[in-house]
Amino acid sequence: MIDTLLFKIHDMKKFFTLLTIISLAIHSTVLLAQTTTKVVKGQVVAQKAVDAATVSLLNIKDSSLVKTAVTDATGNFEIGFSKEGKFIVSVQAIGYNSYYSEAFDINSANPAYTVKQVVLTAQSQQLGNVMVSNKKPFIEQKIDKTVVNVDASPTNVGLSALDVLEKSPGITVDKDGNVSLRGKQGVMILIDGRPSYLSGTDLANYLKNLSSSNLDQIEIMTQPPAKYDASGNAGVINIKTKKTKVKGLNGSVTVGGGQGFYPKANESFNINYRTGKVNVFGNYGYNYYKGLQSLDLQRNFRDQTTQDIESIYRQHTGMTRFNQTHSFKAGVDYYASKKTTIGFVVNGYTSPSSNNSYNITNIFDANSVMQSQTLSPSTSKDKWGNIGGNFNLKHTFDTLGTELTADADYMRYSSSSHQMFDNYFYSPQGNKIQPDETLRGNLPGQIDIYSVKADYTHPLKGNAKFEAGVKSSYVKTDNNAQYDNLENGAWIVDSGRTNHFIYTENINAAYVNLNKQFTKKWSVQAGLRLENTNAKGDQLTTDSSFTRSYTQLFPTAYIGYAASDKNQFSLSYGRRIERPDYESLNPFYHFLDKYTYEVGNPYLKPQFSHNIELTHSFKSILNTTLSYSTTNDIIQEVLEQVDSTHTSFVKRSNIASQRSFGLSMNAGLPVTKWWRTNIYAQVINNRYKGFVNNGNIDVQATGFMANMNNQFTLKKGWTLELSGFYRSQMIEGILVARPMGKADFAVAKSILKQKGTIRVNISDFANLQSFRGYSRYQNVDVTIHNHWDNRVVNVSFTYRFNKGQSLQHRDHNGAGDEQSRVKGGN
């Protein structure tokens, strides 16, 4: 391991050079920065921290304005100024009553003052039979991101995190659960600001097992700054779990169940206790799922000279999937002083599951006359688990916000899969035509992840801020696929499928970022991130290996222009990377049936993209974005086939370059005082050009996608919601996806003096959602229809308890994008 961590000298020169520059820059800014001598600070809360509240410092003599500030996401504000005198603070926020503090003195003897915690009360009014009260909207559009407030939508009850993502603006989920943002694949998923270290099928399964009852917000960033890992071709999605922010003992309990074809269940418990300098928090979640899925494939095999059909394979697979997930998170923050806080978090989950499938393959000749039938029952018993720990430190140097944060993370993922595949071969008359085949597989795996990082922030005079940071991570994956065939009553090792693959990767990064407000109208931000990657893969069974080392720069730039109070413009650019996930590099076989399987590709290269966006915001209600991106060596799933054996297989390959144009619109506004709607719509044109399966491809298409969410707030605590999404026909590499959509309905009622909430949700009540598509190129001609247990009725009850004052809770940001590239259990 120590040898693997050593850098190659020629790769590290740039890295150490940039580290030196950062150190000198930090030292210089600390020496040169000038601080304001007077400061007033505090926190604004309601039931939770109030974001974007306007805080005004007023002279008590004539109520003249001295200076204003806006609260951040944690409700904190800070006002720096130079005058002495007697002042008050006023606070205004949409949906809340105005607040005025007690008077206080600022002078040379008392240059700083902390306002007693501001607790706002919600405005409410009676309009006939409708009660209007303050509530966060489902979608919030901010300058640098889109925020989805999960609990604000009753239709989210009983859903998984993947279901909530699918309802979010600009996000699509394909037939395998892969997440795309604005029509582009390659999204980095963060959990509470920390990478999930999952990707592909494993990330999809993790999100399917993460209950919406544990979620607070989803932050969507298409152009993240240099502070974030450069991974994620399409951007970053940060899933924030619930954290109670009240002093004393407080928390919530949720119990729920659902009924589709089979029953479902989800429960969660959140608790927080703060006393003195110690804050202890934790949560537990349980999810039970049993569902059906059907997959239909038709594959046409053609003569490659005449293109005439020679045979037709019609395959139907019925699958029953069962899993139950136990997840937990526990942590402690210790406020060592007013400037220093240290914390520790441990989290994990375990998810045993089973998958039973029954495949029927009917084989026809060119005239659709049945020639034979293959029956393939299979079972898979799997277990996927994770345990991780994070140590974090935050130190604030002064009242202006100069601070240093540090994180150290360790995570371990472990998995096991025991599989059994049988194949029975029959004539059209039902007679056996060849011996039965039985294959068993044992696939244990383990992933260990180590990561350390540090970030420094320093406000400068003249409305400027300097940021810098460093990070290093080390990942080791160990997968051992063991396959045996049953021959004459004895198990014989299948040497063609058995493989032991070990992959190690070390990424080292450093970044600098500077933003400045030049005038009331113009602002600029620029950043540069360097990442050095060293990777090695070893196939122990075949005694082959590969190594890769490369160093890349990732610039980001933003220009903002406020033409007026109603119209703001921004132009941004970013270069990003998408590395292959660990499972895709693993050259193992995963079988659907005798004729269809998936295999990894150890020769995958990373893809690089250039992204440009021009955004216009009108009254912060209507946001319109024009985007353009190019991607080289794009990683896509490719379906290939072997004509001689009539088998098809899926693998990821660097198939082509991609060019993408997009125009999107997001509008969130009240239609009436009791009806609020959010509409997202996007038109996108994708073109793929490259070399696939021994032939050239050049395809392009224009697609449309839209999300809509309508919320109706009635009297006596009743809330209704109608939401849904639609996606037109689109291309995903060499796959054409047919139109798809769904609609959801929900009703919610607040009870027990607003401490309890009952929700009823019908997901996909018209049973519309299924995947249909096809792929036709070179010798491949396949049609796909995938349908799952999607129409579900969910009922849940949530009870919230608290005693004490609202309190800021810190997010712990640790490792980089490595976690988003692990694949989880089924």
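Relevant structure appears above.
Residues numbered from 1 in each chain as written. Predicted model: local features only at pLDDT ≥ 70, side-chain atom pairs only at ≥ 80, totals over all residues. Heavy atoms only, no water.

(A) Layout of the overall build of the protein. A count of helices and strands for the protein gives five helices and 50 strands. Out of the 826 residues in the protein, the part that is buried amounts to 53%. For the protein, the exposed area adds up to about 35800 Å²; of that, 57% sits on carbon and sulfur atoms. (Helix = DSSP H or I, 4+ residues; strand = E, 2+ residues; numbered from the N terminus. Buried < 20%, exposed > 50% of the residue type's maximum accessible area, 1.4 Å probe, protein only. Areas by Shrake-Rupley, 256 points an atom, 1.4 Å probe, with all protein chains shown as cover.)

(B) Summary view of the pattern of salt bridges. Per the stated rule, a full pass over the model turns up 20 salt bridges. In this structure, Arg 727 and Glu 732 form a salt bridge, with 3.4 Å as the shortest nitrogen-oxygen distance. Here Arg 727 and Glu 732 have matching classes, each one buried. Shared partners join several salt bridges into a network, and the residues in it are Asp 229, Lys 471, Arg 529, Glu 531 and Arg 579. (Salt bridge = Lys/Arg side-chain N within 4 Å of Asp/Glu carboxyl O.)

(C) Expanded view of the nonpolar core. Counting 49 residues, the largest nonpolar core has Leu 165, Leu 207, Ile 218, Ile 237 and Ile 239 as the members making the most contacts within it. Broken down by element, the residue count for this core peaks at four residues, all from helix α3 (residues 161-167). Ranked by size, the runner-up nonpolar core spans 22 residues in total, among them Leu 297, Leu 639, Ile 734 and Tyr 777. (Core = buried A, V, L, I, M, F, W, Y, C linked by side-chain atoms within 4.5 Å.)

(D) Representation of the layout of surface pockets within the structure. One number sums up the size of the second largest pocket: a volume of about 320 Å³. Lining of the second largest pocket is provided by 21 residues; of these, Asn 423, Glu 437, Leu 439, Arg 497 and Lys 594 occupy positions nearest its centre. Mapped onto the lining of the second largest pocket, the elements with two or more residues apiece are β26 (370-396), β27 (403-426), β28 (432-442), β30 (464-487) and β36 (589-593). In terms of residue class, the lining of the second largest pocket is made up of nine nonpolar, six polar and six charged. (1 Å grid on protein atoms, 1.4 Å probe; cavity = no way out; pocket = protein on both sides within 12 Å on 5 of 7 lines; lining within 4 Å. Points joined across faces, edges and corners; volume = space filled by probe spheres on them. Nonpolar A, V, L, I, M, F, W, Y, C, P; charged D, E, K, R; others polar.)

(E) The arrangement of the environment of Ser 294 in detail. Locating Ser 294 in the fold gives a position in strand β23 (residues 278-302). Residue Ser 294 is classed as partly exposed on the basis of its relative accessible area of 22%. The contacts of Ser 294, once residues within four sequence positions are left out, are His 316, Thr 317, His 785, Asn 786 and His 787. (Contact = heavy atoms within 4.5 Å.)

(F) View of the environment of Val 369. In this fold, Val 369 is placed in the loop between β25 (340-365) and β26. On a C-alpha basis, the gap between Val 369 and Pro 428 in space is 9.5 Å, while along the polypeptide they are 59 residues apart. Those residues within four positions of Val 369 in sequence are excluded, and the remaining contacts are Ile 363 and Phe 364.

(G) Spatial organisation of the sheet that holds strand β14 (residues 171-173). Strand order in the open sheet made by the three strands is β14-β15-β16, with antiparallel pairing throughout. Looking at which strands have only one partner, the edges of the open sheet turn out to be β14 and β16 (184-185). Taken together, the three bridges between β14 and strand β15 (residues 179-181) define a ladder with antiparallel strand orientation. Each bridged residue has a counterpart across the sheet, and for Thr 172 the counterpart in β15 is Ser 180. (Pairing = 2+ DSSP bridges.)

(H) Spatial organisation of unusual backbone geometry. In this model, Gln 307 sits at a positive phi of 70 degrees, which is unusual for a non-glycine residue. Although it is not a glycine, Lys 716 sits at a positive phi angle of roughly 55 degrees. With relative accessibility at 63%, the residue Lys 716 sits in the exposed group.

(I) The pairing of strand β17 (residues 187-191), seen in detail. Counting buried residues along β17, five of its five residues qualify, which places the element largely inside the surrounding structure. The side-chain alternation of β17 yields two buried faces, one formed by Val 187, Ile 189 and Ile 191 and the other by Met 188 and Leu 190. Sheet topology places β17 next to strand β20 (residues 235-241); five bridges connect them, and they run parallel. Residue Ile 189 lies in a different strand from β20, and its bridge partner there is Ile 237. Relative to strand β18 (residues 194-195), β17 runs antiparallel, the two being bridged by two bridges. Counted as the bridge partner of Ile 191 is Arg 194 from β18. Following β17, the chain reverses through two residues before pairing antiparallel with β18; Asp 192 in that reversal takes a positive phi of roughly 55 degrees.

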